[in-house]
Amino acid sequence: MSNLILQAGTLWMREIVRFVRQRSRVTGALLQPLLFWLVLGAGLAASFQPSGMPKGTGYAEYFYPGVIMLVLLFTAIFGTVSTIEDRREGFLQGVLVAPVSRTTVVMGQALGGTTLALVQGLIFLVLAPFAGIHLTLAAVLVSGAMMAVIAFALTSIGLIIAWRMESTQGFHVIVNMILIPVWLLSGAFFPQTGVPAWLEWPMRLNPLSYGMSALRRALYLGQPESFCSLTSFHWSVVVSIVFAVAMFAMAARVARHSSPV
Amino acid sequence: MSIFSSASNVAAREPEPRPETPALEASGLSFSYGGGHQALSDVNFAVARGEIFGFLGPNGGGKTTLFRLLSTLIPIQSGEIRVLGHDFRSGTLAIRCRMGIVFQHPSVDGKLTVAENLAHHGHLYGISGRRLRERSAAMLERLGLATRAADRVETLSGGLRRRVELAKALLHEPRLLLLDEPSTGLDPVARREFFGYLHHLREIDGVTIVLTTHHMEEAERCDRIAILNQGRMVATAPPGELKSQVGGDVIVIRAPEPEMLQRKLMHQLKLASTMVDGMIRIERPRGHELVREMVDAFGSEIDSVTFGKPTLEDVFVHLTGHQFATSEAGDPS
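Visitor: Summarise the overall build of chain B; cite the residues concerned and give the values.
Guide: Looking only at helices and strands, chain B has 12 helices and 14 strands in total. A principal-axis box enclosing the C-alpha atoms of chain B has dimensions of 80 × 45 × 40 Å. Burial statistics for chain B: of 333 residues in total, 40% are counted as buried.

If you want it as structure tokens, here you go:
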């Protein structure tokens, strides 16, 4: 057991140290979502009244938790892409021939990616007052915990793709074709209420919708406003955790069957 | 001695296998990729402990596949591999603990310092704390890296990076060191130095060294080599012995019309020769006398004549009927 912690821990540590030493990655993962938020938040403010939200919720406020989700998605995904080349011509070659199980390797990677995404998400929380959200300490803690769960799921998805892929080109196609639409349909960009039925079902079946609603509720924790349109907090949390565990199990499975040919 | 149940400590406690047990042996090893391409066919060999053993072959000859199999990167399809008596299928973990691997492409992280790279490697092998510090210090000392421990690997020269790879592969005290094209990207001086270190390692620690190469010069420095061509092993012997299989001297003639010249050599001088990639090739003792004779008789029909003692390249031609360089399928170097 102590060996497993040592092994997963060392891989986790490596992800953190690498990230800190590559400043451009830190700013890149924060800057793009920030730009999205500023431009779309301001641009759509006049023409958009989110349905199913408390009266007076502006678009910038509505979109804010969605942008946090995007920060988590970007960090988690772009943190895992290195796996592809790393296992053929880099550090992971040595890891693959070490007496370490692939599950442990994936655990180290997933925890590393989760930590990075969480830190970025927490940095983004500083902007909450500008969105019109007044955070309590409890809200910050619970939101942080939710972000960790979501980031773990997203990093695991990134790892599933990265361990399967043979080139980084394919990776970006998948990100654009699958992950961005999944984000768009999670309630990050527009609410689920009032959309046509053909759109409502994909949104309802989208596991990320539950993470989104849990995060949304967590940010307003302790405030009297109610989001009658959102899935209940407990249910959202349960679905999110189950989803994260399932994605990790799948990532470990894919990694076990992956060979660097 | 600190107490922790690391994988490598388990290896250290176990009694050494009997001296006659080979460090590495393979029998009936075959491997084919999805498209039906047979990368290895029925490969058999045994490497004695403390030996420096090289697989020589052109790129595309099956070396990379063999390396991947031996390093446990890809599963065995058919045949068997044993390391110090441990079977590959049932004893993967035991084998991984006993094997140090140096890849052709860098496996150290350029963004990390030399010491950090070694620490990560140690942790993966269950080595930490005081033992890690001691082993790291010892390896850095031996490889002349002690003053560079705090430098990021990306700031080091190619030769130094290669030494970091070696320090990493040796950190957990492997009994068998496996290297894939170890001198890739090294200048001749660094290459000689690197090989000097491998010999040193064998003398001092008795580590068995197995490597793949397509450099003749590197193959010359091995105790024994196995020649791989198109997935088959065509010979296994010490380099000197292989060279003595070639009959005496080797004469290669370039000519504008090689076929016609070959016929004339046969008729007028009773000389048997082979045609290799458009050049006439003759193996025979006392070749220098023959060169004069040929030049006197056919001087005007000859572009150039080279004459020399057989090299490993000649051995390859002798065994396969092809030039080494033209056998390469897409050589990256």
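Visitor: So what's going on with the pairing of strand E13 (residues 279-284) of chain B? Which residues, and what values?
Guide: If a strand is regular, its side chains alternate between the two faces of the sheet. Residue and element names in this part refer to chain B. Alignment of strand E11 (residues 249-254) against E13, held across five bridges, turns out to be antiparallel. Bridge pairing in E13 links Ile251 to Ile282. Relative to E13, strand E12 (residues 274-276) runs antiparallel, the two being bridged by three bridges. Bridged to Met275 within E13 is Ile280. Linking E12 back to E13 in an antiparallel pair, the connection comprises two residues, with Asp277 at a positive phi of about 50°.

Visitor: Give a detailed account of the sheet that holds strand E8 (residues 208-213) of chain B, specifying residues and quantitative values.
Guide: All names here are of chain B. Taken together, the six strands give an open sheet; going across it, the order is E6-E7-E8-E3-E9-E10, and neighbouring strands pair in mixed fashion. At either margin of the open sheet sits one strand with a lone partner, and together these are strand E6 (99-102) and strand E10 (232-237). Across this sheet, the average inter-strand angle for adjacent strands is 15°, counted without regard to direction. Relative to E10, strand E9 (residues 224-229) runs antiparallel, the two being bridged by five bridges.

Visitor: Provide a residue-level description of helix H2 (residues 23-44) of chain A, including the pertinent values.
Guide: All names here are of chain A. For H2, spanning 22 residues, the distance from its first C-alpha to its last is 32 Å, which sits close to the expected 32 Å at 1.5 Å a residue. Among the residues of H2, those classed as buried are Ala29, Pro33, Trp37 and Gly41. Against helix H3 (59-80) and helix H6 (102-125) lie the buried residues of H2.

Visitor: If you had to explain the domain arrangement of chain B to someone new, which residues and values would you point to?
Guide: Looking at chain B, the domain boundaries give domain 1 (7-238) and domain 2 (247-309). Placing a centre on the C-alpha atoms of domain 1 of chain B and another on those of domain 2 of chain B gives a separation of 42 Å.

Visitor: Give a detailed account of the interface of chain A and chain B, specifying residues and quantitative values.
Guide: Facing 23 residues of chain A, the contacting portion of chain B comprises 26 residues. Elements represented by at least two residues in the side of chain A that touches chain B include exactly helix H1 (2-21) and helix H5 (91-96) of chain A. Here the element with the most residues in the side of chain A that touches chain B is H1 of chain A; it accounts for eight residues. Its residues assigned to classes, the side of chain A that touches chain B shows 11 nonpolar, eight polar and four charged.

Visitor: Could you give me a rundown of the sheet that holds E13 of chain B, with the residues and numbers involved?
Guide: One key point about sheets: their strands pair by backbone hydrogen bonds, in either a parallel or an antiparallel sense. Residue and element names in this part refer to chain B. In space, the four strands of this open sheet follow the order E12-E13-E11-E14, with antiparallel pairing throughout. Since the sheet does not close on itself, it has two edges, and those belong to E12 and strand E14 (304-308), each with one partner. Sheet twist, expressed as the average angle between the axes of neighbouring strands with direction ignored, equals 25°. Relative to E14, E11 is paired through five bridges, and the arrangement is antiparallel. Each residue of the ladder has a partner; that of Ile253, found in E14, is Val305. Along the sheet, helix H10 (residues 258-269) makes contact with E12 and E13, crossing E13 at roughly 30°. Across the face of the sheet, helix H11 (residues 287-298) comes into contact with E11, E13 and E14 while running at roughly 170° to E14.

Visitor: Let's hear about the environment of Glu257 of chain B: which residues, and what values?
Guide: Residue and element names in this part refer to chain B. Here Glu257 is to be found in the loop between E11 and H10. The class for Glu257 is exposed, based on 10 C-beta atoms found within 10 Å. When the C-alpha positions of Glu257 and Met279 are compared, they lie 9.7 Å apart, and in sequence the two are 22 residues distant.

Visitor: Talk me through the environment of Leu141 of chain A; I want residue IDs and the actual numbers.
Guide: Residues and elements named next belong to chain A. Here Leu141 is to be found in helix H8 (residues 137-164). You can call Leu141 partly exposed: it has 13 C-beta atoms within 10 Å. Remark: the alpha-carbon pair of Leu141 and Leu122, spanning 19 residues in sequence, is separated by 9.8 Å.

Basis of the calculations
- Residues numbered from 1 in each chain as written.
- Chains lettered and ligands numbered in written order.
- Predicted model: local features only at pLDDT ≥ 70, side-chain atom pairs only at ≥ 80, totals over all residues.
- Helix = DSSP H or I, 4+ residues; strand = E, 2+ residues; numbered from the N terminus.
- Buried ≥ 20, exposed ≤ 12 C-beta atoms within 10 Å, placed from the backbone.
- Pairing = 2+ DSSP bridges.
- Axes fitted to C-alpha atoms, helices over the stretch in contact; angles between N-to-C directions.
- Expected span 1.5 Å × (residues − 1).
- Contact = placed C-beta atoms within 7 Å.
- Domains from an automatic or database assignment.
- Nonpolar A, V, L, I, M, F, W, Y, C, P; charged D, E, K, R; others polar.

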